[in-house]
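# Close look at the chain arrangement
So the chains spell out like this:
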Amino acid sequence: SRWLEEARQFASPNICITLVGNKSDVASKRQVERAEGQAFADENGLSYVEASAKSADGVDEAFMSTCEKVYENMKNGVFSRRNTQAGDKDGFTLGSGAKQPYGRKKCC
């Protein structure tokens, strides 16, 4: 769960996270059972989707569930386009008017 702590530490407090259980098509290669992944997601307020990178089953659902959560949050005023700028400790900000990361110069 260290990855989740770090995501929450460095991202917007209103971040929408979807946990994706991979290898839904190959039970013998799974390292985490569906129930365990779902339980972790429930305990930590995450969305959970099962997917297969090989067959692409569930991949669209993973993106769509995240988009739907973002849309609901925007509709409910949790965040808006005005307060979703994210940045790192060096002041690099994503979005329009962003500083160029790591001293790179803008092309052209």
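Cut-offs applied
Residues numbered from 1 in each chain as written. Predicted model: local features only at pLDDT ≥ 70, side-chain atom pairs only at ≥ 80, totals over all residues. Heavy atoms only, no water. Helix = DSSP H or I, 4+ residues; strand = E, 2+ residues; numbered from the N terminus. Buried < 20%, exposed > 50% of the residue type's maximum accessible area, 1.4 Å probe, protein only. Contact = heavy atoms within 4.5 Å. Disulfide = S-S within 2.5 Å.

### Let's talk about the side chain of Ser65
Mapped onto the fold, Ser65 is located in helix α3 (residues 59-75). Residue classification places Ser65 among the buried residues on the basis of a relative accessible area of 18%. Not counting residues up to four positions away in its chain, the partners in contact with Ser65 are Thr18 and Val49.

### Brief notes about the environment of Arg34
Counting through the fold element by element, Arg34 comes out in helix α2 (residues 34-43). Linking Arg34 and Val49, residues 15 residues apart in sequence, is a C-alpha distance of 9.1 Å. Those residues in contact with Arg34, other than ones at most four positions away along the chain, are Tyr48 and Glu50.

### What about the state of the cysteines?
Here is the idea: a disulfide is a covalent bond, and it sits between the sulfur atoms of two cysteines. This model, assessed by the stated rule, comprises zero disulfides. Looking at Cys16, it has no disulfide partner, and the nearest cysteine sulfur is the one in Cys67, 9.5 Å off.

### A word on unusual backbone geometry
Of note, the phi angle at Ala56 is positive, near 70°, even though the residue is not glycine. Looking at where Ala56 falls in the secondary structure, it is placed in the loop between β2 (47-50) and α3. For Ala56, a relative accessible area of 44% corresponds to the partly exposed category.

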